[in-house]
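Structural features, examined
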Amino acid sequence: MDTPTQRASALPTAALSDALDALGLPGSVLGPAPLFPTAALTGPAFTVRYEPADADKGSVGDFLDDVPPGAVVVIDNAGRTDCTVWGGIMTRTATARGVAGTVIHGACRDVATSTEAGYPVFSSGRFMRTGKDRVRLASVGTPLSLDGVPVAPDDLVRGDADGVVVVPAARLAEVVELATRIEHTERDITAAVRAGSGLREARAAFGYHLLQRSSR
């Protein structure tokens, strides 16, 4: 039987977002977008936070040695797009280690490298200026807040062409179950329209307007 994570990997972020809405949960991350249209990722969050550098410049990427295969690196750089916290060397390293992808509340560079490697990166922007001596590593493996969306280590991260959603690990099975029902309902509506039904009629028949309405 498929695990909730495997089931989530087959669902679009739109369905997961609707399920989160219906359950009164935050999770739709505003900002990070895929570097190339076919980029997609699913996996548990490996959280990283940066802060502005001072006299102690520190390192910007050595944490990659500790990321397990299949995890999604989630980086919070406070949404800064004036310097990068991810580049080509990190993409090549992550690819070699079997990392599932990277989500950045901030900027990346070396877009061509990620595209060529087929490595999924979702970022708030792209900019070539280095983060070295501008930011430093503040924490690894601690809870984050990406523009109001909480991200804890091992929460499920799913990204596709529409962006990124984060599902709390403790609610994953519940969210995936509801998202699956939502996705099936939307497919039923589409099939009904193709068979000759009016959109209004099909939506009413399958309860479209109640799909993402909060049950709280």
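Residues numbered from 1 in each chain as written. Predicted model: local features only at pLDDT ≥ 70, side-chain atom pairs only at ≥ 80, totals over all residues. Heavy atoms only, no water.

Notes on the overall build of the protein chain
Scanning the protein chain from terminus to terminus reveals six helices and eleven strands. Computed over the C-alpha atoms, the radius of gyration of the protein chain is 19 Å, within 12% of the 17 Å expected from 2.2 N^0.38 for a compact globule of 216 residues. Once the C-alpha set of the protein chain is aligned to its principal axes, its extents read approximately 65 × 35 × 35 Å. Within the protein chain, the fraction of its 216 residues that count as buried is 45%. Pairs at least 24 apart in sequence give 74% of the contacts found in the protein chain among residues at least 6 apart. Of the roughly 10,400 Å² of accessible surface on the protein chain, a fraction of 53% belongs to carbon and sulfur atoms. Taking the 21 positively charged and 25 negatively charged side chains of the protein chain as two groups, their mean positions are separated by 3 Å. (Helix = DSSP H or I, 4+ residues; strand = E, 2+ residues; numbered from the N terminus. Rg over C-alpha atoms; globule rule 2.2 N^0.38 Å. Buried < 20%, exposed > 50% of the residue type's maximum accessible area, 1.4 Å probe, protein only. Contact = heavy atoms within 4.5 Å. Areas by Shrake-Rupley, 256 points an atom, 1.4 Å probe, with all protein chains shown as cover. Lys, Arg positive; Asp, Glu negative; His and termini not counted. Charge placed at Lys NZ, Arg CZ, Asp CG, Glu CD.)

Some words on the pattern of salt bridges
Considering all chains together, one arrives at eight salt bridges under this definition. A salt bridge links Arg80 to Asp82; the nearest nitrogen and oxygen atoms lie 2.9 Å apart. We classify Arg80 as partly exposed; its relative accessible area is 21%. Glu183 is the partner of Arg187 in a salt bridge, and the nearest nitrogen-oxygen pair spans 3.6 Å. Of this pair, Arg187 and Glu183 both sit in helix 5 (residues 172-194), separated by four residues, roughly a single helical turn. Bridged by salt links that share partners, the residues Glu51, Asp54 and Arg136 form one connected network. (Salt bridge = Lys/Arg side-chain N within 4 Å of Asp/Glu carboxyl O.)

Comments concerning helix 3 (residues 88-97)
The set of residues buried in helix 3 consists of Gly88, Met90, Thr91 and Ala94. The buried residues of helix 3 occupy an angular sector of 160° when projected down its axis, which confines them to one face. Those residues of helix 3 that are exposed and angled more than 90 degrees off the buried face are Ile89 and Ala96. Check the buried side of helix 3 and you find it contacts helix 4 (111-117) and strand 6 (121-126). Gly98 sits one or two positions beyond helix 3 and adopts a positive phi of about 80°. (Arc of directions from axis to C-beta.)

Examining helix 2 (residues 13-22)
Here helix 2 lies mainly inside the structure; eight of its ten residues are buried. Within helix 2, burial applies to Thr13, Ala15, Leu16, Ser17, Asp18, Ala19, Leu20 and Ala22. Gly24, located one to two residues past helix 2, shows a positive phi value of around 70°.

Functional significance is not addressed by these values, which are geometric in nature.
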